[in-house]
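For reference, the chains in residue letters:
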Amino acid sequence: MKRKISLRINGKPYTDEVEPRLLLIHYLREVAGLTGPHIGCETSICGACTVMLQGRAVKSCTMFAVQADGREIVTIEGLAANGALDPVQQAFWNEHGLQCGFCTPGMIMATKQLLQDNPSPTDLEIRHGLEGNLCRCTGYQHIVNAVKAAAGKAGA
Amino acid sequence: MQAFEYANPSTLQEAVALLAPQRGQTDVLAGGTDLISLMKDYIHTPKRLVNIKNIQELEGIRASAGGLRIGALVTMDELARNAEVRASYKALADAAAGIPSPQIRHMGTVGGDLCQRPRCWYFRGGFGLLATDNGKPLVPDGENHYHAIFGGGPAYFVSASSLGPALVAMGARVKLVSAKGSREVAVKSFFVAPKDENTREIVLRPDEILSEILVPAPAVHSATYEVRQKEALDWPLAAASVALTMKGSVVAGAKVVMGHVAPIPWEAAAAEKALAGKTITAASAEAAGKAAVEDAQPLSRNAYKVQLASVAVKRALLEAVKGKA
Ligand SMILES: Cc1cc2nc3c(=O)[nH]c(=O)nc-3n(C[C@H](O)[C@H](O)[C@H](O)COP(=O)(O)OP(=O)(O)OC[C@H]3O[C@@H](n4cnc5c(N)ncnc54)[C@H](O)[C@@H]3O)c2cc1C
Ligand code: FES
Ligand code: FES
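All values derive from a computational prediction rather than experimental measurement.

About the cut-offs
- Residues numbered from 1 in each chain as written.
- Chains lettered and ligands numbered in written order.
- Predicted model: local features only at pLDDT ≥ 70, side-chain atom pairs only at ≥ 80, totals over all residues.
- Core = buried A, V, L, I, M, F, W, Y, C linked by C-beta atoms within 7 Å.
- Buried ≥ 20, exposed ≤ 12 C-beta atoms within 10 Å, placed from the backbone.
- Helix = DSSP H or I, 4+ residues; strand = E, 2+ residues; numbered from the N terminus.
- pLDDT = per-residue confidence, 0-100.
- Near = placed C-beta within 6 Å.
- Nonpolar A, V, L, I, M, F, W, Y, C, P; charged D, E, K, R; others polar.
- Axes fitted to C-alpha atoms, helices over the stretch in contact; angles between N-to-C directions.
- Parallel < 35°, antiparallel > 145°, perpendicular 65-115°, else oblique.
- Left-handed = near helix turned anticlockwise from the far one by under 90°.
- Contact = placed C-beta atoms within 7 Å.
- Pairing = 2+ DSSP bridges.
- Domains from an automatic or database assignment.
- Arc of directions from axis to C-beta.
- Right-handed = clockwise from strand over helix to strand, strands pointing away.

Here we take up the nonpolar core. Counting 156 residues, the largest nonpolar core has L92, M170, A240, V242, M258, A309 and V313 of chain B as its most contacted members. By residue number, the principal contributor to this core is helix α13 (residues 304-321) of chain B, which donates eight residues.

In structure tokens, the structure reads:
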């Protein structure tokens, strides 16, 4: 039996009837039309599906859409304001923090979380903060550089 | 994934009324980080899920002179960051902080950590808790790299919970609530090494909800040390939680509990005995580590875990007294 859910995504209200077994990532991509969060592994390993739930980074492939009822979600689409990239997005661009770009939405959401908790992380803290995110292109060094650049901006 | 009915109660009383006494009918849903994976693989196929995340009374950490009360819905992240827990219940804070990745710490709850199912790949592949095929046990001659080195079967999986050993070391209890009433169980007796396929690895009944964890006033020094393969998104290979009561600089009482080495958090009585009356030094910690693994029974491919467990005990002890007179 379908259930009605009402939630806010990137500040906008959404109300839909969903099957309880629908995963949040499938709801975001197929119902809400937000294809920024990616599906890599669907087993809570790769982090490509990372979104903010109540301001905390979570993996939307290991969560039901019904669990987001009444909650606030932010996806990668919610970061750029008025056509201007978010400082973390800009830093990934400037520092070549991506190759194919598949992991990038998740990396950026995890970075937002990391910098929110720890505005000036060390290299080791960056690598720990991103341990839930895999880059199949293995461009980790540029990703760490991008996070450091974004941290510099945030502190400036 | 099989379809299911979704219930979303807002009180504990309503929630327990929705749970069936027979196994396999209903499941409790907290963060979902383990249960959803089990459902995707058809290891759990509940007819009804009871979401407990909207039950206010299961939230919150409360510290008092008598100890700590941790609501079942407290996340690993909240536990790891809590100032009181970090200051006075370090073994527990260490264990929570060790859960890999911010995403899992944000979503995973303490109740879910204690009730998570074993990660044994035979179990996850549908061969049951005792991992048998037509009555033949698969683990002793199989892919047993990550399996138990204590206990001697017939269950060879390792208890997956990182909080379990820390809570056993601290003498904690859990409160289990059903429609018929509630009971308190020592965390030590919450975990079970099943002897048959019909017994679960925890004493929680299908119609019960774990509502809170109760930790008595802390031992003076405690710590958890985990050995992990690289720093990857995986469970520890071996871990140890220790809690020490001191008389001056001498150990008056020690609890040493190893994790991820047996179907239950494994108490190292020999190590505890070896420490009594000693000061913690590199030598006494190493001796305790050796004593802890004296009666290990490794399988064909996991003898390496014996050394890791021994080192985990040594390092947890040294960590517990680090910077303290
Ligand atoms: C990649 C990865 C790595 C991990 N590494 C570790 C690790 O190193 N150490 C570790 O300890 N854990 C580890 N975990 C496991 C993680 O800690 C658990 O999945 C999490 O704590 C479960 O909490 P949850 O709220 O999501 O539980 P759920 O998935 O909602 O539930 C898990 C089980 O517990 C039951 N349950 C949950 N809450 C209650 C309750 N209050 N009363 C009764 N039953 C309940 C559910 O019915 C279900 O059977 C890891 C998980 C992943 C995905
Ligand atoms: S798709 Fe969610 S973690 Fe990989
Ligand atoms: S840039 Fe290709 S997966 Fe990370």
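Here the focus is the confidence of the model for chain B. Across chain B, pLDDT averages 96, with 100% of residues at or above 70. Here the complex is predicted with pTM 0.97, and the ipTM for its interfaces comes to 0.95.

Among the 33 residues in the neighbourhood of ligand 1, the closest are listed as G31, G108, G111, G112 and C115 of chain B. Positioned at a junction of chains, ligand 1 has nearby residues supplied by chains A and B. Elements with a contribution of two residues or more to the shell around ligand 1: β2 (26-29), α6 (102-107), α7 (110-115) and β10 (209-216) of chain B. With four residues, the top contributor of residues to the shell around ligand 1 is α7 of chain B. For the shell around ligand 1, the per-class residue count stands at 19 nonpolar, 11 polar and three charged.

Another point: the packing of helix α2 (residues 87-94) of chain A against helix α3 (residues 104-117) of chain A. All names here are of chain A. It is at 10 Å that the axes of α2 and α3 come closest, and there the two elements cross at 125 degrees. The angle between α2 and α3 places the two elements in the oblique class. Between α2 and α3 lies a crossing of right-handed hand. Seen from α2, the contacting residues are V88, Q89 and F92; seen from α3, they are T104, I108, T111 and K112.

Let us now look at the sheet that holds strand β3 (residues 50-53) of chain A. Residues and elements named next belong to chain A. In spatial order, the strands read β2-β1-β5-β3-β4; together these five strands make up an open sheet with mixed pairing. The sheet is open, and its two edges are formed by β2 (12-18) and β4 (56-59), each paired on a single side. Each strand axis lies, on average, 40 degrees off the axis of its neighbour in the sheet, ignoring direction. Pairing of β3 with β4, which is carried by four bridges, proceeds in the antiparallel orientation. By the bridge assignment, T50 is partnered in β4 with K59. Along the sheet face, α3 touches β3 and β4 and points at about 40 degrees away from the line of β3.

Counting residues at the interface gives 24 residues for chain A, matched by 21 residues for chain B. Only β4 and α3 of chain A provide two or more residues apiece to the side of chain A that touches chain B. Tallying contributions element by element places β4 of chain A first for the side of chain A that touches chain B, with four residues. Considered class by class, the residues forming the side of chain A that touches chain B number nine nonpolar, nine polar and six charged.

Take the environment of G289 of chain B next. Residue and element names in this part refer to chain B. Summarising the element assignment, G289 is placed in helix α12 (residues 282-292). According to the C-beta neighbour criterion, G289 is buried, with 25 such atoms within 10 Å. For the pair G289 and I202, spaced 87 residues apart in the sequence, the C-alpha separation amounts to 27 Å. Those residues in contact with G289, other than ones at most four positions away along the chain, are S310, V311, V313 and K314.

All names here are of chain A. For chain A, the domain assignment lists domain 1 (3-78) and domain 2 (87-155). Using C-alpha coordinates to define each centre, domain 1 is positioned 21 Å away from domain 2. Elements represented by at least two residues in the side of domain 1 that touches domain 2 include exactly β3 and β4. The greatest single-element share of the side of domain 1 that touches domain 2, amounting to three residues, is contributed by β3. Looking at the side of domain 1 that touches domain 2 residue by residue, the classes come out as nine nonpolar, five polar and one charged.

The subject of this paragraph is α2 of chain A. Residue and element names in this part refer to chain A. Restricting attention to buried positions, one finds in α2 the residues V88, Q89, A91 and F92. All buried residues of α2 lie within an arc of 160 degrees about the axis, which places them on one face of the element. The first or second residue beyond α2 is H96, which carries a positive phi of 55 degrees.

Below, the discussion takes up the pairing of β2 of chain B. Residues and elements named next belong to chain B. Burial of the side chains of β2 extends over both faces: T26 and V28 are buried on one face and D27 and L29 on the other. Relative to strand β3 (residues 48-51), β2 runs parallel, the two being bridged by four bridges. Considered in β3, the bridge of L29 is made with N51. Taken together, β2, helix α2 (residues 35-40) and β3 form a β-α-β motif whose crossover is right-handed.

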